[in-house]
Amino acid sequence: MKRWRWLLPIATLIMLLPGCTSNAKYQEALDQNAALSSQVADLNSQITNLSGQVSTLQTNYEKISKVFPPRDFTSLQELKDWVAKDKTDQQPAPATIEELYSRGLKMQLAALNDGFIISIDQEFVTDAFFFIFGIAVVNNEIWVWDIEDDDLYQPIGWGTVTRNS
């Protein structure tokens, strides 16, 4: 056994050498670690940015889904409340039919922005006597109002609206 004793330090050295690394390899590992840490920080920044974008998109979707697709009023009270909220009837008297009709179109756009469908129509009795009125459907019934006074009524003989599904 004594004659193999010299072999023990050599075998130990051979076993330990592969586990040792040079300074160059150690520095390379540190550089890789720093690069990966930088990538992780960049990806975390991108995740934060994308999370903010997702939140913004979700908020926009919720706003849009409240008004799109536009719909008819579900009740007469809903129509009354909406017409009361609109301030078209509180504006000074218009000088021309074009000005009054423009107000009606603005009312129509306001309804669309709130998610409702209304139509605007006009009636000329004479050049000096005319009115613009809004039309809405509530539970398949037609309701009309003069945009200058907001008084709702059902026109005689207009009937009801039927929808094809």
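Keep in mind that what you see is a predicted model, and the values were worked out from it rather than measured. (Residues numbered from 1 in each chain as written. Predicted model: local features only at pLDDT ≥ 70, side-chain atom pairs only at ≥ 80, totals over all residues. Heavy atoms only, no water.)

Undergrad: Any chance you could break down the pattern of salt bridges for me, citing the residues and the numbers?
TA: In total, this model carries three salt bridges according to the counting rule given. Taking the shortest distance from any N to any O, the salt bridge between Asp114 and Lys85 comes out at 2.9 Å. Taken as a pair, Asp114 in the loop between helix H4 (97–113) and strand E1 (119–124) and Lys85 in helix H3 (residues 76–85) lie far apart in primary sequence, 29 residues in all. A relative accessible area of 29% places Asp114 in the partly exposed class. The salt bridge partner of Glu99 is Arg103, with a shortest N-O separation of 3.0 Å. Of the two residues, Glu99 and Arg103 both sit in helix H4, four residues apart, roughly one turn of that helix. (Salt bridge = Lys/Arg side-chain N within 4 Å of Asp/Glu carboxyl O. Helix = DSSP H or I, 4+ residues; strand = E, 2+ residues; numbered from the N terminus. Buried < 20%, exposed > 50% of the residue type's maximum accessible area, 1.4 Å probe, protein only.)

Undergrad: Now, about the UniProt feature "coiled-coil region" (unreviewed entry) in the protein chain: what can you tell me, with residues and values included?
TA: As annotated by UniProt and renumbered to match this structure, "coiled-coil region" (unreviewed entry) occupies residues 26–60. Secondary structure within residues 26–60 divides into 100% helix and 0% strand; the distance between the first and last C-alpha atoms comes to 51 Å. (UniProt positions renumbered as here; feature names shortened; annotations may be inferred.)

Undergrad: How would you explain unusual backbone geometry if you had to name every residue and give the values?
TA: The phi dihedral of Asn140 is positive, around 70°, even though this residue is not glycine. Checked against the element boundaries, Asn140 lands in the loop between strand E2 (130–138) and strand E3 (141–146).

Undergrad: Go over the environment of Asp72 with me, naming the residues and quoting the values.
TA: The residue Asp72 is located in the loop between helix H2 (23–67) and H3 in this model. Spatially, the C-alpha atom of Asp72 lies 5.7 Å from that of Phe116, the residues being 44 residues apart in sequence. Apart from residues lying up to four places away in sequence, Asp72 is in contact with Phe116, Ile117, Val137 and Arg163. (Contact = heavy atoms within 4.5 Å.)

Undergrad: Which residues make up the nonpolar core, and what are the values?
TA: With 18 residues, the main nonpolar core has Phe73, Leu79, Trp82, Met107, Ile118, Trp145 and Ile147 as its most contacted residues. Mapped by element, the contributors of at least two residues to this core are H3, H4, E2 and E3. Listed in part, the seven residues of the second largest apolar core include Phe133, Val137, Ile142 and Val144. (Core = buried A, V, L, I, M, F, W, Y, C linked by side-chain atoms within 4.5 Å.)

Undergrad: How would you sum up H3? Please name residues and give values.
TA: Within H3, burial applies to Glu78, Leu79, Trp82 and Val83. One side of H3 holds all its buried residues, which, seen down the axis, span an arc of 130°. Looking at the buried positions of H3, the neighbouring elements they touch are H4, E2, E3 and strand E4 (152–153). (Arc of directions from axis to C-beta.)

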